Amino acid sequence: MEEAGIPTAAIALVRSVAERLAAPRMLAVPFRFGQPLGEPGDATGQRAVLRALLALLDDDGPGPVLRDYQPSA
Amino acid sequence: MASWDELPLRYRLTIRAYPWRRIAPTPWTTLRVPLREARVALVTSAGLYRPGVDRDFGTREGEDITMRLLPSDAALDALAIGQTSDAFDRSPLERDRNLALPLDRMRDLVADGTIGALAPRVVSFNGSMLAPGRFLRDTSPGVIDALRADQVDAALFVPV
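The model shown is predicted, which means the values in this text are computed figures rather than measured ones.

Criteria and cut-off values
Residues numbered from 1 in each chain as written. Chains lettered and ligands numbered in written order. Predicted model: local features only at pLDDT ≥ 70, side-chain atom pairs only at ≥ 80, totals over all residues. Helix = DSSP H or I, 4+ residues; strand = E, 2+ residues; numbered from the N terminus. Buried ≥ 20, exposed ≤ 12 C-beta atoms within 10 Å, placed from the backbone. Contact = placed C-beta atoms within 7 Å. Expected span 1.5 Å × (residues − 1). Bend = angle between axes of the 7 residues up to and from the residue. Core = buried A, V, L, I, M, F, W, Y, C linked by C-beta atoms within 7 Å. Nonpolar A, V, L, I, M, F, W, Y, C, P; charged D, E, K, R; others polar. Pairing = 2+ DSSP bridges. Axes fitted to C-alpha atoms, helices over the stretch in contact; angles between N-to-C directions. Parallel < 35°, antiparallel > 145°, perpendicular 65-115°, else oblique.

Student: Looking at this structure, I do not really get the overall build of chain B. What am I missing?
Tutor: The secondary structure content of chain B amounts to 4 helices and 7 strands. Element order for chain B, N to C, with α for helix and β for strand: α-β-β-β-β-α-α-β-β-α-β. Taken along the three principal axes of its C-alpha coordinates, chain B extends 45 × 40 × 30 Å. Out of the 160 residues belonging to chain B, those deemed buried represent 36%. Pairs at least 24 apart in sequence give 81% of the contacts found in chain B among residues at least 6 apart.

Shown next as structure tokens:
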């Protein structure tokens, strides 16, 4: 997609895989498999993850950019 | 953080032997519009589809490299979960499809001005894929064509 001119940002559930993959923009999240945005029904928490993911699109690069998501207490 | 230790032994053995790819050099495209004006697409690996409308995903684990294009106004609760892997607990996703396809949350972000718009279609494929090279060769051109046709400015990938 990046080569086609479409910037991307991806959630990573396993940080070591993200490090190895070296995709352009990745957000490592502290959640279990099957729950990339956190808890079901937690609209506030899900929006916060998406905002952090979208924020990667404002990075000037170059990639790979890998950030860790920390939920607010 | 998810850990391989959560997975059944057969998955851990598969992962140990899996030929992980490295994207090199890492491609980079800068977002061309401010985020608040951007049209953003969602891509999910949960294998979501509309029963009776879309072809379901193959049940032979790891072999289905196809994708479905779903309208962004699809009823989330009506989407079936084609991802059949038992490597994760499906119950949270069954309770809230937003975990893998956050359409409601993206609409929230359109409403509050974080992004400009949600793309009219989402891309759905089954992430339990043992031949990602075939996916890149045979399926990804169609993904890119669809995203270009929808004039998206960026894409977010949500794995499960």
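Student: Looking at this structure, I do not really get helix α4 (residues 132-149) of chain B. What am I missing?
Tutor: Residues spaced three or four apart along an α-helix face the same direction, because each turn holds 3.6 residues. Residue and element names in this part refer to chain B. Taking 1.5 Å per residue, 18 residues should reach 26 Å; α4 reaches 24 Å between its end C-alpha atoms and fits that length. The largest bend in α4 is about 50 degrees, located at threonine 139, with the proline proline 141 one to four residues further on. Once α4 ends, the next one or two residues include glutamine 151, with phi positive near 55 degrees.

Student: Would you mind going over the nonpolar core with me for this structure?
Tutor: The tendency in soluble globular proteins is for nonpolar side chains to be buried side by side. Grouped together as the largest cluster of nonpolar side chains are 57 residues, with contacts concentrated most on A:Ile11, A:Leu27, A:Leu53, B:Val40, B:Ala41, B:Ala155 and B:Leu156. Ranked by residues supplied to this core, first place goes to strand β7 (residues 154-158) of chain B with 5 residues. Residues contacting B:Ala155, with those up to four places away along its chain left out, are A:Met1, A:Ile6, A:Thr8, B:Ala41, B:Val43 and B:Leu147.

Student: What exactly am I supposed to notice about the interface of chain A and chain B here?
Tutor: Think of interface size as the accessible area that goes away when the parts come together; that is how it is often given. On the chain B side, the residues contacting the 44 residues of chain A number 43 residues. Broken down by element, the residue count for the side of chain A that touches chain B peaks at 7 residues, all from helix α2 (residues 43-55) of chain A. Split into classes, the residues belonging to the side of chain A that touches chain B amount to 28 nonpolar, 8 polar and 8 charged. Pairing of strand β1 (residues 8-12) of chain A with β7(B) involves 3 bridges; the strand directions are parallel. Directly across from A:Ala9, in β7(B), lies its bridge partner B:Leu156.

Student: Just to check I follow, could you spell out the packing of α2(A) against helix α3 (residues 103-111) of chain B for this structure?
Tutor: Axes are the key here: two packed helices are described by the angle between their axes and the distance separating the axes. Interhelical geometry of α2(A) versus α3(B) gives an angle of 70 degrees and a closest axis separation of 10 Å. With respect to each other, α2(A) and α3(B) are oriented roughly perpendicular. Facing α2(A), whose interface residues are A:Ala43, A:Gln46, A:Arg47 and A:Leu50, α3(B) presents B:Arg105, B:Met106, B:Asp108 and B:Leu109. Of the residues assigned to the contact of α2(A) with α3(B), the class counts are 4 nonpolar, 1 polar and 3 charged.

Student: How should I be thinking about the pairing of strand β6 (residues 121-125) of chain B in this particular structure?
Tutor: Every other side chain in a regular strand lies on the same face of the sheet, so the side chains alternate between the two faces. All names here are of chain B. In terms of burial, β6 is a largely internal element, 5 of the 5 residues being buried. Here β6 shows no split at all, with Arg121, Val123 and Phe125 on one side and Val122 and Ser124 on the other all buried. Bridge analysis of strand β1 (residues 39-44) against β6 gives 2 bridges, and the strand direction is parallel. Bridged to valine 43 within β6 is valine 123. Judged from the 5 bridges that link them, strand β3 (residues 67-71) and β6 form a sheet pairing that is antiparallel. When the bridges of β6 are listed, arginine 68 appears paired with serine 124.

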